[in-house]
Each structure stands twice: as structure tokens, then as C-alpha cells.
Amino acid sequence: MRLRYLPALLAGVSLSLSAAAATSDQWTLPVNVKKLDNGLTVVVSEDHSSPTVGVSVVYHVGMRLEPRNRTGFAHLFEHLMFQGTPNAPKGVFDRAITGGGGRNNGSTRPDFTNYIETAPVSSLEPILWLEADRMKTLDFNPATLKNQQDVVKEEIRVNVKNQPYGGFYWLDISQLGFQKWENNHDGYGSFEDLEGASLDDVRAFHRDYYGPNNAVLAIAGDISPAQGFALAQKYFGGIPARPVPKGSDFTEGLNTQEKRIEQSDALAQVPAVAVGWKVPDQGSADQAPMAVLSELLAGGDASLFYQSMVKGREIALNVQGGFGLTGPFEYGGPTLFTVFGLYKPNSSADAMLASMDEQIAKVVKDGVDAATLKRVKTRMLADWNNDLENILSRADTLAKLQTLWGDAHVVNKVPGWIEGVTSADLQRVAATYLTKANRTVIDRKPAVKK
Amino acid sequence: MKQLMLTMIVGALFAHSAQAADVPKETMPAAMPAYAKDKPLPVPHIGKKTLSNGLQVWIVPRTGIPRVDMVLAVRDAGFAADDAKHPGFAELLAGLLNEGTAKRDSRAIAEAAQGMGGSVAAGASADGISVQASALASQAGPMMQLLAEVARTPSFPDNEVALAKANALQTLRVSETQPRFRAERAISRAIYGDHPYGHMTPTAEAIESTTQELLRGEHAKRFRPERALLVITGRIKEADALKLAQKAFGDWKASGPATAEVPKATATAKPVHLLLERGGSVQSTLRLGSPGIAATSADQIPLRLTSTILGGGFSSRVNIKLREEKGYTYGASAGARLLREGGSIVGGADVRNEVTGAALTEYFNEYKRIGADLVSADEMKMHKRYVAGGYLLSNQMQRAVANTLAANWLVGLPAEFLGQYVPLIEKVTPEQVRDVAKKYFAPENQSIVVVGDSKAVGEQLKAYGDFTVTDK
């Protein structure tokens, strides 16, 4: 009898130990959500550890919804949001944020555009006033449009045209990997389309997509939910809702035939390969397993791809993975899990692919042992928390999750989703998504010098 | 997509927006609410203790995220300690620390760190090597042990050294294709001459001649408790952190001679004009530079504020002029870089070919203006608040606090500097800004480096001096 109880007791001991560990490593964010009468959704997450706040305004429009002959327009528009309004002329926005001790930025993605500020809490009301002001209207004028067309062109020159590899692992691979225009056009834009943008385009885009009912405001930091909601009502409550055009259907299934091209790069000295696989739809039961699988394969120095290609065969200089331009829980339409690596001149794209396939096949066949799975999940959970430490990224994550999932509480659900992934889940998603047929490959080689 | 590129390109400081000259600077919209009263500046408590072997330990307990961050900073171990034949060596040395120890191979180290929900890795800077580690709060003890293991007992296995060298050579080839890398390398040489600060990027010869023996010898010379600081921040009690530090590092002893101390860097240099050929380039990458001052020099505080006003953010003068008024660039910056034994003044932007000369004119005009006219009270106030806000924002991140403390210590600033910095900045006067600007941003003292297509931009540069065209 005693002996039979011993294992149970030991199990009890180890359980209580891991429970203690889990408690000390636990971190749950307070999330409070309220919708104003005009449709603006407001999320507040309170944290008084520092007298600062993070603010994010996310509009549910990105590259997928920009006009057809206006590639890059969503991004150009993002720039114009900083160019002033009738109430706050050009220059005021940055000067007010800087003078308040804050920082600001914006970014454009396929499914959303975000505007972010972080500052001492003493600047919160000016920040909210400025965000509300540009939600109402902009100063539509030819000078600022021309100025920002020039700036965006310089941005594309510095990041694409004047750089080796030129972002091919996110720009070109999407163009190749997807079927529908919404998903496969150049979201940075052609110079011709950017130059063709008119003030009427700007007006229409603002009217259609930048109303309060198409936006989420999140505030994190040194503020209570009651204060946050009251301030949101004070500054945004009076902005009327505006009709939002119905978007087109941009869903598409997995690819059924491998796509592969070779590109020549005049600026590169070392060849590179990018491989993209279409991933599960947002909200699919396969989404969290895909996230864990991506971490197992391409998440840092302990990952299978790093250990097999950078170490092991020593054919790659580096290897990294990602979900388009966002994270595994921050997309709303078709997205790729993309692996990018520089490979050694005496190796080949085929060798890189073979090495990846070998690791994927192992997962499909054997799954992953319990110790490895635990390690991978532990790092993922830690990283999820790490990304939320900064109150700006906390506000921004809450605003994005509310926009994409309709539920900011997803921020506290993701850890459980990750925790629940099993080895069998990894086998299933590896077999379903990381197939040759669903794969898009770009082999980018240095141009032969004349 | 401004921010987007920041994730892709290291060092792209400027990602976004606006500021204008057509609006009087002091004008704010009447309807905009005023800033609320500022809350007092919180100064973190820093527990300090020196172990019997000389290792200093600074501890900043925090109550936020369930993570502990550690930085072991080692002074006189960075690029400035590299010999003339091995520029950039410190990076190889740092990179190899977690590729094998007396007990574990590289994979075992990576997997152990992953299982603790963190990582351990080292990097080199001019004045030191910093080994950084982080882990879930519950794993603070094991991670401290792992940190000590990689810092104290790296084994530099033959296969890992060979791989690191091969990869470093390839990485150098990749870097050579990036105009910013070439521009930075050239401006550093122009500013610092033969001083080690001027030679911090590797050469193929330096990489090829690195051996296991050299790595072992340099590790012994450089990694010494009496030249090191351990910073611990996060969800841990001060006494517990100290115990972990004592257990992992208490018996650490140096052996043999140490590296020599780094000489003072030059304070003057004859300006040079270099055009680094990059055929077919659609932009020119510009750098203007001259010798500056050490981080502990008397002028450092006014110079830091001057740098912020002139070229430190979206609302800085050069960014407003070159980006928002002229549309020449995605972002322009300028300012002081402060090291332990000297420093530099560097400005730069990537601009399209046609405006290469015009961009230099705008830079020099702004340099002249800030050295001649007093900055208005409102502009002073705006940038002082920007500095204070930056302090608050970075202090909310425990990793940033750890890194700032370690970086300050490496350049000779005490723990207390963290809390003194903002009050000191607030005391700077417009006269001080003008005077340090005149002294350090004088256009005639600036070397100019342009990486670009000589056929496209050579003619425009003639007005700015005789440019030596070179491939390096």
C-alpha cells in the first residue's frame, strides 16, 4: 500500500512545485472594454507602476482595402495623418507630443493601420484631443500631399531600392504567394501610383475608413478605466459615425501547387532564400498550434531550423521566421509563415529547402518530445509577456486584438491557447500547412557582375 | 509602414511624421487642452554591493513583469581593447561565449535558456563587452548560473570558432553592400584616426587570423571581476539577488595580466572629404563628423540637449528641415556620441541623388544657426520635456534600466547619474546650447562622407570641397 502511494505523493510534490512556479511567473493584464454610442470601442488597461501612458488608435483598414490603382495608398495616407488639420496645422501634432515628453509613430499592415503615442500621463488629454481632431477631418492641401509623396518615395528608396534583398521576404513573396489582388499587390506602392494619388482620394479614404465606428482606442498605464472611458467620451464622443464601405471577399484557400522563382539582386553579395507557407485562418483551431510550430522550427538559436542549417550542416548564415508583417495572432486575412535566411555561396536554395523539409517531416512523423514542447512553450509564454511590458505595445496589442478578434481579452487567452497545444496538434498542422504544394519560394541571388 | 521598417532595419531611427516651419513655433491650438501637472520624477532605488573579488553588483528590484534581467558588463574588453591587427575582434569574442562552455555545447546552452523562458548572449561595444541574460522570475537562479558559466568558462570549441569565422566573413560581405555600414566605417576613421575607436569594424584579415588561442588569451585578459559590473533588475528581492550573485560569481578570480588601458581619443582632426563609390545607387548616404568629447566631460550635459534639439527626434531641426520642409529624406539626425575616452559628433541622412549637395547645405545651415542664435524658450522647454519623458518611458522597462546602468558604467558614469540626468538637463541655458553648438558643430570642422554614385552626385559635391573618390 505504501509503495503504491509513493508515486502519487511524488506527483503531488512536483505538481505543487510547478504550481508555485506558475504563480510566480503569472501575469494577467486588466482589460476593460466599452463601446461609445458612435461606435468607437475603447479599451483601458490600468497600471500605476510608472506615471506614463501608452495610447493606440487602430483603424480597421490596411493595404487589403486600398483602391485598386492606388497601391501604397493606405501607407501614404498614414503619413498624411500627421500633416495637420484645420484646427491643428502642420507641425502641431509632433510638437505637442514632443513638448509633452512623448514619442509617436504609425504603421500600416494588410488589415489595420495604427497610430501610437507614449508619454508622461500629464500629456494624455492633449494626445486624445489630437487623435480625435484628426479623426474628424484633415487639412487637405497639395503642399503636404506633395511633401509626403516625396518622403514616402525616399522611404521606399532607403528600405527597398537602395538595399540588398530589398524586403523581398515580405514584399515580393506576398505578390507571388497569393492569388487575389487584395493580398498580392505591393503595399508599399509603385512610384506611379503614389504620384497619382489626388486630394479627392485622400478625402474619400478618410471619410470611408477613418470614422469612430471603424476604430479602436486603447489606453494603458497610469489611468483608471473610469477616467479612461470619461476622457474617451469627452474627446471622441461627439464625432458622428460614418458609413464604412463593404470590403471585398479576400479569403483564399491554401495553394495547391508550389510556386518558385529566382531573382537577381544587383546590391547583394550573398544569396538568400525566402519560403512562405499559407497559414490557418484567424480563429481556426489550428492557429495556436501553427504559432507553436513556427517557434519550434524558427524561434531563435534553439530552433530546429537554426540547429539544422546554421549549425549542423552549416549551410546558412542566419535563419528567421515570421507571420507576414505581424505576429501569429495579429492577422485578419490570408498570411504567410515566412522563413528567411542568407545561405552560403557554396550551398543552394535546394539544400536549404531539403533541410527545412527534413525537419518538417520529422515533426509530421514523430511529433515532438515532451521536454522540447515544454521548452518551446515556456519561451513563447515569456515572450508574449515580454512584448506587453512596454505600456505602448500593451495599448497597441489590446487595440489590435480588439480590432481583429472583436475581443481585447484575447490578450489573456493566448497563453492558455499556447499551453493547450499538443504534439499531435503540431503533427497535424505541419502535415496540413507546411507542404510543398502550399509553399512559395524565392531564391535571391547576387547579380553576376559584368 | 513607418514603424514597420524599424523591425526590419537596425538603426533606422526615423520612421514617421511631421513638423513645420510655416507655423510659428510657439503656436498651439487654443482648443487643445493644456498638459496636466507633471508627477514627480521617480528615481529607482539601486542596491549596491562590491563582492570581495571586486565585482560590483547593482540591484533594482521591480514588481512588474515576471522576469529577471541581468547584465554583466566588462570594462576595457570591447573594441577599444582590440589590437591593431584585429579590429572588430571583441565581437567574435563576445559572440562565441555562448557557443560552448566547460560543461555544455552551444545547443545545450540555447535549449537551457529557452526552457527558462529567456536567453543569454553577449555583444561588444567600444568600451566593453556586455553579457545579457533574462529568464522567468522563477528561473532567476539557474539563469544566473548559466550567465556565470558562459562568462567565466567559455571553451571556444574548434568547430564553433571555425563556424563563427566563416559566418563573420560572410556577414562582412553582406555588410559591405549596405551603404550605412560603409559610411559609418569611413566617418569613424576620419574622426578618430589611428585611435582604436576609429577601427571597430572587422577586416577579412582580422577574422581569418583569429585563433582559439587568441580567444582564450584575450578572454583571460579581459574578463576580470575587478573590471566588471553585474546589474540585476526585475521581480526579485535585493537580498535574494545578492545571494545568487555571490553564489555564481563569488569565487571568480582573474589570472595573468589584464589588457592595457585605452588611451584618450584625439580631440581634433583635419576634416576629410570622401566619396565612397557605389555605382547605380539611387540615394546618397551622408555622414558629417568631427571629434567630440568623453561621456564624463564637463560639456556633456549641454551637448546632450543640443544634440536633441538639433537632430534627436521627429521634431529636431535637421529632421524638420530635410524631411518635412524639403522632402529630401525619410529621416535626418545629428548629435554627439559619448564614449569613455572620447567621442564624436555625427550627423547623417539618406537622400536621393539629385539633392545630395542641397542636403549638405541644409545641414551646415542648421549647424551654423544653432551655434549663432539663441534657441527660443519654447523650443528649449519642448526638448527638455522630451528628454524627461524619455527618461520616464525607458525606466518603465526593467531591461532598459539594466542596460542604461551598465552602459553608463562602461563609459564612466556612476549609478546615481540615472536619477541626476533629467534635473541636470533642466538647468541648461540657451547660452550654453549656443556655445557648445558653436564649439562642436562648427561646419568647417566636419569631415564629409558620401556613399553614392559618383557619376550622379560628383558634380554637386564640388562646392563642398575636394572629394577623394574611393571604393572602400
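It should be emphasised that the depicted structure is a prediction, and the values quoted were computed from it without experimental measurement.

Draft legend 1. Broad picture of the overall build of chain B. Broken down by element type, chain B carries 17 helices and 12 strands. Computed over its C-alpha atoms, the radius of gyration of chain B comes to 23 Å, within 12% of the 23 Å expected for a compact globule of 472 residues. Seen along its three principal axes, the alpha-carbon backbone of chain B occupies a region of about 60 × 55 × 40 Å. Long-range pairs, those at least 24 residues apart, make up 82% of the contacts in chain B with a sequence separation of at least 6. As displayed, chain B offers around 17800 Å² of accessible surface, 54% of which is attributable to carbon and sulfur atoms. Positive and negative side-chain charges of chain B, numbering 55 and 48 respectively, have mean locations separated by a distance of 4 Å.

Draft legend 2. Up close: the interface of chain B and chain A. Across the contact, 90 residues belong to chain B and 97 residues belong to chain A. Between chain B and chain A, a total of about 8000 Å² is buried, with carbon and sulfur atoms accounting for 57% of that surface. Across the contact surface, chain B and chain A share 7 salt bridges. Close ionic contact of Glu 389 of chain A with Arg 67 of chain B constitutes a salt bridge, the shortest N to O distance being 3.0 Å. Run the count over chain B and chain A and you get 36 residue pairs in polar contact (both at pLDDT 80 or more). When residues of the side of chain B that touches chain A are assigned to their parent elements, the largest contribution, 8 residues, is made by helix 5 (residues 158–176) of chain B. Across the side of chain B that touches chain A, the residue classes tally to 41 nonpolar, 27 polar and 22 charged.

Draft legend 3. Seen up close, the environment of Asp 83 of chain B. Residues and elements named next belong to chain B. Of note, Asp 83 is situated in the loop between strand 3 (67–75) and helix 2 (89–96). For the pair Asp 83 and His 199, spaced 116 residues apart in sequence, the C-alpha to C-alpha distance is 9.8 Å. Among the polar contacts made by the side chain of Asp 83, one reaches the main-chain amide nitrogen of Lys 85 at a distance of 2.8 Å.

Draft legend 4. Representation of the pattern of salt bridges. Residues and elements named next belong to chain A. Scanning the entire structure with this criterion turns up 62 salt bridges over all chains. Measuring nitrogen to oxygen at the nearest pair gives 2.6 Å for the salt bridge that ties Asp 201 to Arg 70. Highlighted residues: Asp 201 in helix 9 (residues 199–209) and Arg 70 in the loop between strand 3 (52–59) and helix 2 (73–80), separated in sequence by 131 residues. With relative accessibility at 15%, the residue Arg 70 sits in the buried group. Between Lys 146 and Asp 150 there is a salt bridge; the shortest N-O distance is 2.7 Å. Separated by 4 residues within a single helix, Lys 146 and Asp 150 lie in helix 5 (residues 142–161), roughly one turn from each other.

Draft legend 5. Fine view of the sheet that holds strand 8 (residues 272–278) of chain A. Residues and elements named next belong to chain A. Strand order across the open sheet formed by 5 strands is 7-11-8-10-9, with mixed pairing between neighbours. Every interior strand has two partners, whereas the edge strands, strand 7 (259–265) and strand 9 (320–323), have only one. Here the average twist between neighbouring strands, direction ignored, is 15 degrees. In this sheet, strand 11 (residues 439–446) lies alongside strand 8 in antiparallel orientation, the contact comprising 6 bridges. Directly across from Ala 272, in strand 11, lies its bridge partner Arg 444. Against the sheet, helix 11 (residues 287–298) contacts strand 9 and strand 10 (336–342), and its axis sits at roughly 165 degrees relative to strand 9.

Draft legend 6. How the structure looks around the packing of aromatic side chains. This structure, assessed with the given rule, holds 28 aromatic pairs over all chains. Ring centres of Tyr 59 of chain A and Tyr 115 of chain A lie 5.8 Å apart, and the angle between their planes is 80 degrees; this geometry places the pair in the edge-to-face category. Placement of the pair is Tyr 59 of chain A in strand 3 and Tyr 115 of chain A in strand 5 (residues 113–120), with a sequence separation of 56 residues. With relative accessibility at 0%, the residue Tyr 59 of chain A sits in the buried group. Residue classification places Tyr 115 of chain A among the buried residues on the basis of a relative accessible area of 0%. Their ring planes at 20 degrees and their centres at 5.8 Å tell us that Trp 277 of chain A and Phe 337 of chain A sit as a pair that is stacked. Here Trp 277 of chain A is found in strand 8, whereas its partner Phe 337 of chain A is found in strand 10, with 60 residues between them in sequence. We classify Trp 277 of chain A as buried; its relative accessible area is 1%. The exposure class of Phe 337 of chain A is buried, given its relative accessible area of 1%. An aromatic cluster is defined as three or more aromatic residues linked by ring pairs; in this entry it consists of Tyr 59, Phe 73, Phe 77, Phe 82, Phe 93, Tyr 115, Phe 205, Tyr 209 and Tyr 210 of chain A. Lying across the ring of Tyr 35 of chain B, Arg 385 of chain B places its NZ or CZ 4.5 Å from the centre.

Thresholds applied
- Residues numbered from 1 in each chain as written.
- Chains lettered and ligands numbered in written order.
- Predicted model: local features only at pLDDT ≥ 70, side-chain atom pairs only at ≥ 80, totals over all residues.
- Heavy atoms only, no water.
- Helix = DSSP H or I, 4+ residues; strand = E, 2+ residues; numbered from the N terminus.
- Rg over C-alpha atoms; globule rule 2.2 N^0.38 Å.
- Contact = heavy atoms within 4.5 Å.
- Areas by Shrake-Rupley, 256 points an atom, 1.4 Å probe, with all protein chains shown as cover.
- Lys, Arg positive; Asp, Glu negative; His and termini not counted.
- Charge placed at Lys NZ, Arg CZ, Asp CG, Glu CD.
- Buried area = accessible area lost by both parts, 1.4 Å probe.
- Salt bridge = Lys/Arg side-chain N within 4 Å of Asp/Glu carboxyl O.
- Polar contact = N/O pair within 3.5 Å; in protein donor to acceptor, adjacent residues only side chain to side chain.
- Nonpolar A, V, L, I, M, F, W, Y, C, P; charged D, E, K, R; others polar.
- Buried < 20%, exposed > 50% of the residue type's maximum accessible area, 1.4 Å probe, protein only.
- Pairing = 2+ DSSP bridges.
- Axes fitted to C-alpha atoms, helices over the stretch in contact; angles between N-to-C directions.
- Phe/Tyr/Trp six-rings, centres within 6.5 Å; stacked < 30°, edge-to-face > 60°.
- Lys NZ or Arg CZ within 6 Å of the ring centre and 35° of its normal.

Interpretation note: all reported values are geometric properties and have no functional meaning in isolation.
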